[in-house]
Amino acid sequence: MTEKATSEAPDCGPEESASESAKAPATEPTGEVAALEPAGEERAPTPPPEPASQALAPAAPTAPTAPTAPQATKPAPPSEDVPSAPLLLALEDVSDSSVTVSWEPPESLGRLGLQGYVLELCQEGASEWVPVNARPLMVTQLTVRNLALGDKFFLRVAAVSSVGTGPPAVLEQPVHIQKLIEAPKIRVPRHLRQTYIRQVGEPVNLQIPFQGSPKPQVSWTHNGHALDSQRVNVRTGDQDSILFIRSAQRSDSGCYELTVRLEGLEAKAAIDILVIEKPGPPSSIRLLDVWGCNAALEWTPPQDTGNTELLGYTVQKADKKTGQWFTVLERYHPTTCTISDLIVGNAYSFRVFSENQCGLSTSAATTKELARIQKADIVAKPKGFVERDFSEAPSFTQPLADHTSTPGYSTQLFCSVRASPKPKIIWMKNKMNIQGDPKYRALSEQGVCTLEIRKPSPFDSGVYTCKAVNVLGEASVDCRLEVKGKGMGNVLP
């Protein structure tokens, strides 16, 4: 039933209430009822009587009911007619506005059967038990809604038959309605799960979301100590906390720990912040040695690395004539180096910068002395020259190869010859000189000899010879050319 009970206690005694409940028809087992409004009478300073000895039966002399007229004229029903107390009364759920209880049917239902159950509530410090459902309900679980925060009360349930109400089952501990506690949890953004790096002078603005209900207590520490309120501002809302530093300094580096506390529970998150700046220049630099077109340098690391690791050194050179600086090495890690390919006759200065994530140092360490590249005394010592005779008779390094061609398609014959002085090349077909014949074109370049036969016909088949002749001798190679055709009709003009 969802009917809301009145704030006044009933005038009738427990016996009359039980009789009215027995006469009422069975209700729908919704399992939910609205909470009672607070009773109008003042609460007693002591809790209700011992729940184990209370019973809703009219004959029970210890039932904590409001004062009523004596009921001695009406006899109590026999014990076998009323049901026994429900079993296993337990608290199922408590929220900030409702409570759910459940129980098991009693062992004895009475001779006349069971009509339902009545749930009663007694505020802590009061002595009056007020029914939550006006009529018996045939359910073994009931939810009481519309409760107020801060309410603290006892609950009991009794089984009802047509002749009366049986003894109740009482919850041993009171029920306290309070705001639900959501365990605190911190959600650190992904970019803050690793070291958060800022440069000196830049702002630091960290927004860290968290969860927790009711609103938890939030605190920040820096390296285990309280924050400097003159440098660090913190604003905390219901769902996040913001840490703000207007102009970061290197002293702001360290571990910032956020703690969220709620009702004995807490969550912590650590955020590492590193504030960096440009490094200082190398402490000193000196010119170790100069030889040939080379110069050796050595320097010492800077005293201030900018609160972070160095990425290396940048080495530059400048000649005395122009004074322009040119980079020789970048992000060079050792503290010694050799500069090569210097120009003879020039004098050079060198300087070295330190480098970290912020960039190059604002100044550099520069050599005091110049590296002068001297001109070496070179004495020419000519060796005797023996002239070599490269003359040789012609010899073919690549001979002609037999070849098969198709009528009407130009073809070429190749060979290579070696000779000094340059030989004269003569082409022959079937031992006949073909020089000057327009059907053939002969080429010779870099020792490669080529004979092009333009649109050959079967009549151009035969043995072709290439002869090379100079003053030291002669050599020749030959090959066979076959032009395949199906007769005179295939010969192209």
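This is a predicted model, so every value here is computed, not measured.

Visitor: Residue-level account of the overall build of the protein, with values.
Guide: When helices and strands are counted, the protein shows one helix and 36 strands. Burial statistics for the protein: of 493 residues in total, 38% are counted as buried. Summarising the internal contacts of the protein: among those between residues at least 6 apart in sequence, 66% fall at separations of at least 24. When the accessible surface of the protein is summed, it comes to about 28,700 Å², and 49% of that surface belongs to carbon and sulfur atoms.

Visitor: How would you summarise the environment of F154 if you had to cite specific residues and measurements?
Guide: Looking at the secondary structure, you find F154 in strand β7 (residues 152-161). For F154, a relative accessible area of 11% translates into the label buried. Remark: the alpha-carbon pair of F154 and E124, spanning 30 residues in sequence, is separated by 6.7 Å.

Visitor: Give me the sheet that holds strand β19 (residues 285-291): which residues, what numbers.
Guide: Sheet architecture is open: three strands sit in the order β19-β20-β23, paired in antiparallel fashion. Since the sheet does not close on itself, it has two edges, and those belong to β19 and β23 (336-339), each with one partner. Each adjacent strand pair in this sheet contributes to an overall mean axis angle of 20°, direction not counted. Pairing of strand β20 (residues 294-299) with β23 involves four bridges; the strand directions are antiparallel. When the bridges of β23 are listed, E298 appears paired with T336.

Visitor: Explain the side chain of T465 residue by residue, including any values.
Guide: Along the polypeptide, T465 turns up in strand β35 (residues 462-470). Overall, T465 belongs to the buried group, its relative accessible area being 4%.

Visitor: Could you give an account of the pairing of β20, with specific residues and numbers?
Guide: Taken across its six residues, β20 has five buried, putting it largely inside the fold. By the bridge criterion, six bridges tie β19 to β20 in an arrangement that is antiparallel. Bridging across to β20, D289 finds its partner in A296. Between the antiparallel neighbours β19 and β20 lie two residues, among them G292 with a positive phi of about 55°.

Visitor: Hey, could you go over the packing of aromatic side chains for me, with residue numbers and the actual values?
Guide: Here the structure, examined in full by the defined rule, presents five aromatic pairs. A ring pair is formed by Y348 and F350, whose centres lie 6.5 Å apart and whose planes are at 25°; its orientation type is stacked. Of the two residues examined, Y348 and F350, each falls in the buried class. Each residue in the set W299, Y313 and Y332 is aromatic and connected to the rest through ring pairs, giving one cluster. One cation-aromatic arrangement involves R351 over W325; the distance from NZ or CZ to the ring centre is 4.2 Å.

Visitor: Before we move on, can you summarise the sheet that holds strand β15 (residues 233-236) with the specific residues and values?
Guide: The strand order across the open sheet built from four strands is β10-β12-β16-β15, with neighbouring strands paired in antiparallel fashion. Both edges of this open sheet fall to β10 (182-186) and β15, since each of them pairs with a single strand only. Here the strands of the sheet are splayed against their neighbours by 20° on average, with no regard to which way each runs. Across four bridges, the pairing between β15 and strand β16 (residues 240-245) is antiparallel. The partner of N233 across the bridge, within β16, is F244.

Visitor: Lay out the pattern of salt bridges in plain terms, naming residues and giving numbers.
Guide: Using the criterion set out here, one finds 14 salt bridges in the structure. Across the pair D252 and R231 runs a salt bridge whose closest N-O atoms are separated by 2.6 Å. With D252 in the loop between β16 and β17 (254-262) and R231 in the loop between β14 (225-226) and β15, this residue pair connects regions lying 21 residues apart in the sequence. R231 gets classed as partly exposed once you look at its relative accessible area, which sits at 30%. Among the salt bridges present, the one from E277 reaches R250, with a minimum N-O distance of 2.6 Å. Taken as a pair, E277 in the loop between β18 (265-276) and β19 and R250 in the loop between β16 and β17 lie far apart in primary sequence, 27 residues in all.

Thresholds, definitions, all that
- Residues numbered from 1 in each chain as written.
- Predicted model: local features only at pLDDT ≥ 70, side-chain atom pairs only at ≥ 80, totals over all residues.
- Heavy atoms only, no water.
- Helix = DSSP H or I, 4+ residues; strand = E, 2+ residues; numbered from the N terminus.
- Buried < 20%, exposed > 50% of the residue type's maximum accessible area, 1.4 Å probe, protein only.
- Contact = heavy atoms within 4.5 Å.
- Areas by Shrake-Rupley, 256 points an atom, 1.4 Å probe, with all protein chains shown as cover.
- Pairing = 2+ DSSP bridges.
- Axes fitted to C-alpha atoms, helices over the stretch in contact; angles between N-to-C directions.
- Phe/Tyr/Trp six-rings, centres within 6.5 Å; stacked < 30°, edge-to-face > 60°.
- Lys NZ or Arg CZ within 6 Å of the ring centre and 35° of its normal.
- Salt bridge = Lys/Arg side-chain N within 4 Å of Asp/Glu carboxyl O.

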